[in-house]
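Structural description and commentary
Okay, here's what each chain looks like letter by letter:
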Amino acid sequence: MTYPELYILRHGQTEWNAEDRMQGWLNSPLTPKGEMDAARQGEILRDLDLTGFEFWSSPSGRAVQTAGIACGPLAEAVHTDTRLREIGVGDWAGRLRAELPQGTGDDPYMAQYEMAPNGEGLAAVEARCLSFLSEMKRPTVLITHGITSRVIRSIVVGKDALANPSIHGGQGCVYHLKGGTQKMLT
Ligand SMILES: O=C(O)[C@@H](CO)OP(=O)(O)O
């Protein structure tokens, strides 16, 4: 499957990111660093020709806040879609990751998100991302989350996308996906 050209932003650092708390479908505001992350993403976007692009964001406050800073005057054209939310972590939303049972295996970080009681699970995230992507008609800028970005990049570019900088870092960068390849703009 070939998808239209995509630019993907993760929201800037939030208070709970800085404390290493799980967020999922709950929210915390951007930190001053997070606002700078979003401003840097805005500089990257301003250097691009985004004529004809659509703008879509997760409805979570941290993503909408990032869109407002990064997209500047274009922010009014940003639509929201719940399919771009972060993985739901059920009872663990707002909890410190270090205090929770730890994940194991090749990817302990992701495994811990999968373990959350009443959580959404990765398969459900993949299904909703695939649903969103299959409806895309035009090149698009997405403002989303760490794990959701990873899932989307994995669907569009393949597993090699995941070898890129950590899924829980990377604020302040923009991923460019075109023709089955991925590039990280910083
Ligand atoms: O919800 C979380 O705990 C993190 C995981 O990556 O997501 P976000 O990118 O929204 O900070």
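Residues numbered from 1 in each chain as written. Predicted model: local features only at pLDDT ≥ 70, side-chain atom pairs only at ≥ 80, totals over all residues. Heavy atoms only, no water.

Within an unreviewed UniProt entry, the label attached to the chain reads 2,3-bisphosphoglycerate-dependent phosphoglycerate mutase, and the organism entered is Octadecabacter temperatus.

So, the environment of Thr66
Relative to the helices and strands, Thr66 is located in helix α3 (residues 61-70). A relative accessible area of 0% places Thr66 in the buried class. Measuring from C-alpha to C-alpha, the distance between Thr66 and Thr144 comes to 9.3 Å, with 78 residues separating the pair along the chain. Excluding its chain neighbours within four sequence positions, the residues that come into contact with Thr66 are Arg10, His11, Gly12, Leu30, Ala38, Gln41, Cys71 and Ile143. (Helix = DSSP H or I, 4+ residues; strand = E, 2+ residues; numbered from the N terminus. Buried < 20%, exposed > 50% of the residue type's maximum accessible area, 1.4 Å probe, protein only. Contact = heavy atoms within 4.5 Å.)

With respect to helix α2 (residues 32-46)
An ideal rise of 1.5 Å per residue puts 21 Å on 15 residues; α2 measures up with 21 Å between its terminal C-alpha atoms. Next to the buried residues of α2 lie β1 (6-10), α3, β5 (174-178) and β6 (181-185). (Expected span 1.5 Å × (residues − 1).)

Comments concerning the nonpolar core
Judged by nonpolar contacts, the single largest core of 28 residues is most densely connected at Leu6, Leu142, Ile147 and Ile152. Among the elements of the structure, β1, α4 (108-114), α5 (122-135), α6 (146-157) and β5 are those that each provide at least two residues to this core. Here the element with the most residues in this core is α5; it accounts for five residues. Formed by 16 residues, the second largest nonpolar core is a distinct cluster that contains Leu50, Ala67, Cys71 and Val141. (Core = buried A, V, L, I, M, F, W, Y, C linked by side-chain atoms within 4.5 Å.)

Some details on the environment of Asn17
Within the fold, Asn17 resides in helix α1 (residues 15-19). Judged by relative accessible area, which is 22%, Asn17 ranks as partly exposed. Distance in space between the C-alpha atoms of Asn17 and Leu96 is 9.8 Å, their sequence separation being 79 residues. Filtering out sequence-adjacent residues up to four positions away, Asn17 remains in contact with Arg10, His11, Gly12, Gln23 and Gln171.

Here we look at the packing of aromatic side chains
Enumeration according to the criterion identifies three aromatic pairs in this entry. Relative to Phe132, the ring of Trp56 lies with its centre 5.8 Å away and its plane at 75 degrees, an arrangement referred to as edge-to-face. Of this pair, Trp56 sits in strand β2 (residues 54-57) while Phe132 sits in helix α5; the two residues are 76 residues apart in sequence, bridging distant segments of the chain. No difference in accessibility class separates Trp56 from Phe132, as the two residues are buried. When the ring of Tyr109 is compared with that of Tyr113, the centres are 5.2 Å apart and the planes differ by 45 degrees; the resulting orientation is tilted. Placement of the pair is Tyr109 and Tyr113 together in helix α4, with a separation of four residues, close to one helical turn. Side by side, Tyr109 and Tyr113 carry an identical accessibility label, which is buried. The lysine or arginine in question, Arg153, covers the ring of Tyr175, its NZ or CZ lying 3.8 Å from the ring centre. (Phe/Tyr/Trp six-rings, centres within 6.5 Å; stacked < 30°, edge-to-face > 60°. Lys NZ or Arg CZ within 6 Å of the ring centre and 35° of its normal.)

A short note on the site of the ligand
Around the ligand there are 13 residues in total, and Arg10, Glu86, Tyr113, His145 and Gly146 lie nearest to it. In this structure, Asn17 approaches the ligand through a side-chain N or O atom, which is 2.8 Å from an oxygen atom. Within the contact set of the ligand, an oxygen atom lies 2.8 Å away from a side-chain nitrogen or oxygen of Gln23. The protein chains hide 99% of the 310 Å² of surface that the ligand would expose on its own. (Near = heavy atom within 4 Å. Polar contact = N/O pair within 3.5 Å; in protein donor to acceptor, adjacent residues only side chain to side chain. Areas by Shrake-Rupley, 256 points an atom, 1.4 Å probe, with all protein chains shown as cover.)

Examining the sheet that holds β2
What the six strands build is an open sheet, ordered β3-β2-β4-β1-β5-β6; its pairing is mixed. Edge strands, defined here as strands with exactly one partner in the open sheet, are β3 (78-80) and β6. Here the strands of the sheet are splayed against their neighbours by 25 degrees on average, with no regard to which way each runs. Pairing of β1 with strand β4 (residues 140-144) involves five bridges; the strand directions are parallel. What sits directly across from Tyr7, in β4, is Val141. (Pairing = 2+ DSSP bridges. Axes fitted to C-alpha atoms, helices over the stretch in contact; angles between N-to-C directions.)

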